[in-house]
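# Examination of the molecular architecture
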Amino acid sequence: MTRIMGRRQMLETVRDEPNKYSVIAICEREDQVAYIKDKSDCLILQLYDVTNEGFTASPTKEHVQTAIDWAKTRDPENLIVACAAGISRSSAIAFLIRCGIEEP
């Protein structure tokens, strides 16, 4: 079962069990999750909650499709989807992944 969690919990989980999980890390800046790059199989999605200087609110259709395509080749039992709080962005992406993978 795909796990949804906040960034801190995800970092602790990956630290405690390196190379066990595939992680979709949702963040505004890649440096917020750089630690996991050598500890897990990861996809970093840079998403922004609001449109501001130089950034467009997201996720876009391309972000969602990237996440779905990437997750299709991973074991859902060891998949983590994490954002800052582990509430809205990660839950939404996990839901869309599930819908996209089960699509005929």
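Source: prediction; values computed, not measured.

### Considerations on the sheet that holds strand S3 (residues 41-46)
Backbone-to-backbone hydrogen bonds pair the strands of a sheet. The strands run either parallel or antiparallel. Across the sheet, which stays open at both edges, the four strands sit in the order S1-S4-S2-S3 with parallel pairing between neighbours. Of all strands in the sheet, those with a lone pairing partner are strand S1 (3-6) and S3, marking the two edges. Going from strand to strand, the sheet's axes swing by 20° on average, the running direction of each strand aside. Sitting on the sheet, helix H2 (residues 61-72) is in contact with strand S2 (22-27), S3 and strand S4 (79-83), with an inclination near 175° to S3. Sheet strands touched by helix H3 (residues 89-101): S1, S2 and S4. Its angle to S4, the strand with the most contacts, is close to 145°.

### Points about the nonpolar core
Judged by nonpolar contacts, the single largest core of 16 residues is most densely connected at Ile24, Ile26, Leu45, Val81, Ile93 and Ile97. Among the elements that line this core, the one with the most residues is H2, at five residues. The contact partners of Ile97, leaving out residues within four places of it in the chain, are Ile24, Ala67, Ile68, Ala71 and Val81. Formed by twelve residues, the second largest nonpolar core is a distinct cluster that contains Met5, Met10, Val14 and Val33.

### Remarks on the environment of Ala94
Within the secondary structure, Ala94 is located in helix H3. Judged by relative accessible area, Ala94 falls into the buried class, the value being 12%. The spacing of Ala94 and Val64 is 30 residues in sequence and 9.7 Å in space, taken between C-alpha atoms. When near neighbours in sequence (up to four residues on either side) are disregarded, Ala94 contacts Thr2, Ile4 and Val81.

Criteria and cut-off values
Residues numbered from 1 in each chain as written. Predicted model: local features only at pLDDT ≥ 70, side-chain atom pairs only at ≥ 80, totals over all residues. Heavy atoms only, no water. Pairing = 2+ DSSP bridges. Helix = DSSP H or I, 4+ residues; strand = E, 2+ residues; numbered from the N terminus. Axes fitted to C-alpha atoms, helices over the stretch in contact; angles between N-to-C directions. Contact = heavy atoms within 4.5 Å. Core = buried A, V, L, I, M, F, W, Y, C linked by side-chain atoms within 4.5 Å. Buried < 20%, exposed > 50% of the residue type's maximum accessible area, 1.4 Å probe, protein only.

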